[in-house]
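# Survey of secondary and tertiary structure
Chain by chain, the residues run as shown.
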Amino acid sequence: MNFRNLSVAVGMLLVFLSCNQNPFTGKKTLAVVPNSQILPMAFQQYDQFLQENQVVTGTSEARMVKDVGQKIATAAERYLNANGYQGYLEDYRWEYNLVNDEAVNAWCMPGGKIVVYTGILPITQDETGLAVVMGHEVAHALANHGQQRMSASQLQQVGAAVGAVAVNEENQQMFQTAYGLGTQVGVMLPFSRSHETEADKIGLTLMAIAGYDPDEAAELWRRMKANSGGSAQPEFLSTHPSNDTRINNLEAWSDEAKAEARKYGVTNFKS
Ligand SMILES: [Zn+2]
C-alpha cells in the first residue's frame, strides 16, 4: 500500500469512527474533525474577524444582540440538558457581537461565536425578529452544518492545520467560506435546503424556549423576502434562500414550538 492509499484508508476510517448524532433530529451526521480541533480554529478566526471589523459597543442595539444571544444560548442549554445531551456544549464559548456593516447578514461559528451585522437590523426590526435570525444561526452551529459543507478531505486539511504552527491562507479561506464569514456574495456557499429546513425548525424551538413568539418567524422571512427585490441580493438571502415553502413550514410548526416551550415552563411569548 503506497502512502496515498494509506491516507485514503485512514481518512475513511476517521469518517466511520466519527459520526455524531444531531440532538434535535436524532440523525447521524458526519464529523470528520472533532470539536476539539475545529473549535480552536473557529475561535482564532472569530477573534481575527472582530479585529478586522468595526464592533459596535455601548449602544442599545449592541446590548440587544447580547441579550437575545444569551437567551438563545440558555434555551439551547436547557433543551440539550433535558434531552440527554449534557456536555454537548462543554467546549462552547458563547459570544455575541454586533458589527457595523451594511450587509444583510448574521452567522454563528462552531463553539457559539456569533456575529450580527447592523445591515440586518432594519429587517429584524425588534428583539423578536432578531431572535428568529439568531435562533436559526445557532441551530446551524449546533447541528454542525458548517462542517458538512466541507468535503471530508477539506475537513482533514483544516483539522491538520489547527495543529500546525501557522494556518495557511488557503485553509483559512476554506474555513471562512464553509462558515459563511466571507463578505462577498460570490464567496459564500448557500446551505442546502435540507439544512435550512432543519435550522428553521430547531431555531423556532430555541426562540420559543427563550420566550419569543415563534409566530413572528414567518413574519421575519416575509420581510426578508420583500427586501430581496432589486439588483443587490442581500447576503443573508443568498446563503439562506427564502421561499414560500419556508414561510408555510414556519407557520405550521409554530404551535409545536410553543408546546415544546411549555415543557420548560414558558407560557408567555414576546412578539
Ligand atoms: Zn440558514
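Residues numbered from 1 in each chain as written. Predicted model: local features only at pLDDT ≥ 70, side-chain atom pairs only at ≥ 80, totals over all residues.

Per an unreviewed UniProt entry, the chain carries the name Peptidase M48 and comes from Mesonia mobilis.

## With respect to the overall build of the chain
Quick note on the threshold: Per the convention used, a helix needs a DSSP run of H or I reaching at least four residues, while a strand needs a run of E reaching at least two, with both numbered from the N terminus. Put simply, a residue is buried when 20 or more other C-beta atoms lie within 10 Å of its own C-beta and exposed when 12 or fewer do; between those, it is partly exposed, and each C-beta is set from the backbone. Two residues qualify as a contact pair if the distance between their C-beta atoms, derived from the backbone, is within 7 Å.
From N to C terminus, the chain includes 12 helices and six strands. Expressed as a percentage of its 271 residues, the buried residues of the chain come to 36%. Contacts in the chain between residues far apart in sequence, at least 24 positions, make up 72% of those at least 6 positions apart.

## A few points about the nonpolar core
As a reminder, the rule being used: Take the buried Ala, Val, Leu, Ile, Met, Phe, Trp, Tyr and Cys residues, join any whose C-beta atoms are within 7 Å, and the set you get is a nonpolar core.
Ranked by size, the top nonpolar core spans 55 residues in total, and within it I72, A106, A131, M134, V138, L206 and M207 carry the most contacts. Per-element accounting of this core gives the leading share, nine residues, to helix α5 (residues 127–142). Excluding anything up to four places from it in sequence, M207 contacts I72, A131, V132, G135, Y212 and P214.

## Describing unusual backbone geometry
With a phi close to 70°, Q125 is a non-glycine residue in the positive phi region. Here N144, not a glycine, exhibits a phi torsion of approximately 55°, which is positive. Take N144: it is sitting in the loop between α5 and α6 (145–149).

## What to know about helix α12 (residues 244–262)
Defined as follows: Between the first and last residue of a helix there are one fewer steps than residues, each counted as 1.5 Å, and that sum is the expected span. At any given residue, the bend is defined as the angle formed between two axes, one fitted to the seven residues that end at that position and one fitted to the seven that begin there.
Taking 1.5 Å per residue as the helical rise, α12 with its 19 residues ought to reach 27 Å, and the 28 Å between its terminal C-alpha atoms agrees with that figure. Approximately 40° is the largest bend angle found in α12, and it occurs at W253. Every buried residue belonging to α12 is among R246, L250, W253, A257 and A261, and all of these are buried.

## Quick word on the sheet that holds strand β5 (residues 106–109)
Within a sheet, adjacent strands bond to each other through the backbone by hydrogen bonds, running parallel or antiparallel. Note the threshold: The pairing criterion for strands is at least two bridges between them, as found by DSSP. Only the stretch in contact is used when fitting a helix axis, every axis being a line fitted to C-alpha atoms; angles between N-to-C directions are given from 0 to 180 degrees.
What the four strands build is an open sheet, ordered β3-β4-β6-β5; its pairing is mixed. The open sheet terminates on both sides in strands that have one partner only, identified here as β3 (55–56) and β5. Relative to strand β6 (residues 113–117), strand β4 (residues 95–99) is paired through five bridges, and the arrangement is parallel. Its bridge partner lying in β6, E95 is registered against K113. Packed onto the sheet, helix α3 (residues 60–82) meets β3, β4 and β6 and runs at close to 150° relative to β4. Sitting on the sheet, α5 is in contact with β5 and β6, with an inclination near 35° to β5.

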